[in-house]
Amino acid sequence: MPPADDPVHVHGVQEEYFYLMVHPCVCGGAWQSDSQEVEEDAARVLHRVAATCFTCGARRTFPFQLDTHGGPKGPIRQVNPTAAPSRALDVVEWMGLAKFYLGRIEQLTESVRRAQSLLDARQCLEEALKFYGPQDDAPPASALWSDESRRRAADQADTFRRSTIETMLDRLPPLDRLRRADSLDQKAFERGVKERAKARVGRKWWQFWKLLRRT
Ligand SMILES: [Zn+2]
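Quantities reported herein were computed from a predicted structural model and do not represent experimental measurements. (Residues numbered from 1 in each chain as written. Predicted model: local features only at pLDDT ≥ 70, side-chain atom pairs only at ≥ 80, totals over all residues.)

A. Looking closely at helix α2 (residues 91-103). Counted at 1.5 Å a residue, the expected span for α2 with its 13 residues is 18 Å, and the 18 Å between its end C-alpha atoms agrees. Every buried residue belonging to α2 is among V91, V92, E93, W94, M95, L97 and A98, and all of these are buried. Check the buried side of α2 and you find it contacts α1 (13-22), α3 (111-129) and α4 (147-155). (Helix = DSSP H or I, 4+ residues; strand = E, 2+ residues; numbered from the N terminus. Expected span 1.5 Å × (residues − 1). Buried ≥ 20, exposed ≤ 12 C-beta atoms within 10 Å, placed from the backbone. Contact = placed C-beta atoms within 7 Å.)

B. How the structure looks around the environment of E37. Note on placement: E37 falls in strand β2 (residues 31-40). On a C-alpha basis, the gap between E37 and A50 in space is 8.3 Å, while along the polypeptide they are 13 residues apart.

C. View of the sheet that holds β2. In spatial order, the strands read β1-β4-β3-β2; together these four strands make up an open sheet with mixed pairing. In this open sheet, the two edge strands, each paired with only one partner strand, are β1 (8-10) and β2. Neighbour-to-neighbour, the strand axes of the sheet open up by a mean angle of 30°, direction not taken into account. Sheet analysis places β1 next to strand β4 (residues 59-66), joined by three bridges and oriented parallel. (Pairing = 2+ DSSP bridges. Axes fitted to C-alpha atoms, helices over the stretch in contact; angles between N-to-C directions.)

D. Geometry of the nonpolar core. Core analysis: the biggest nonpolar cluster contains 32 residues, and V91, W94, M95, A98, C124, L125 and A128 have the highest contact counts within it. Put simply, the parts of the chain that give this core at least two residues each are α1, β3 (45-53), β4, α2 and α3. For C124, the residues in contact, after removing those within four places along its chain, are W94, L97, A98 and Y101. (Core = buried A, V, L, I, M, F, W, Y, C linked by C-beta atoms within 7 Å.)

So, in structure tokens, the structure goes:
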């Protein structure tokens, strides 16, 4: 994790959301985003997300940097359309998220929610895999950013083998099928964004960040 004041590089708002998830409050509580401030120049977009802890009410501001302009162009749940590994979360954190999204499937009753959870799991596994070079069967040192991550990768060597991640991906439905299943819900989401935009003229895409529905 970079020093507190350095912005965390992300590919889009989805990665910001995941970053907040894996960096909970010191009390263990989850963050709820309150507001977003945006600064944009020719080279980059700086995005400061102010958040409040659900449990203890602590407040914190998370600085992010998006290296592209104009907002996300792909599907709303798209994490990282590039082949470059994440600079926000390391391989252990992506695998932890993938397990979280896979682990909750059986509790979800609506098929669209299950598809969304599988879509998130699939993308988190793909992000984990982006850290592996062609010769790597275990995660390279550059994919493990903390003592905690190095310890977990060593303790659970089987989980972090490239072949394990590839097998997990093979068992999941393909990305396009999951995206189709998500599209109905996405239409409702887009309608919500349009209505919100009418109500608050001049808002930009990143201010709809909090609308990202997560159940
Ligand atoms: Zn807290």
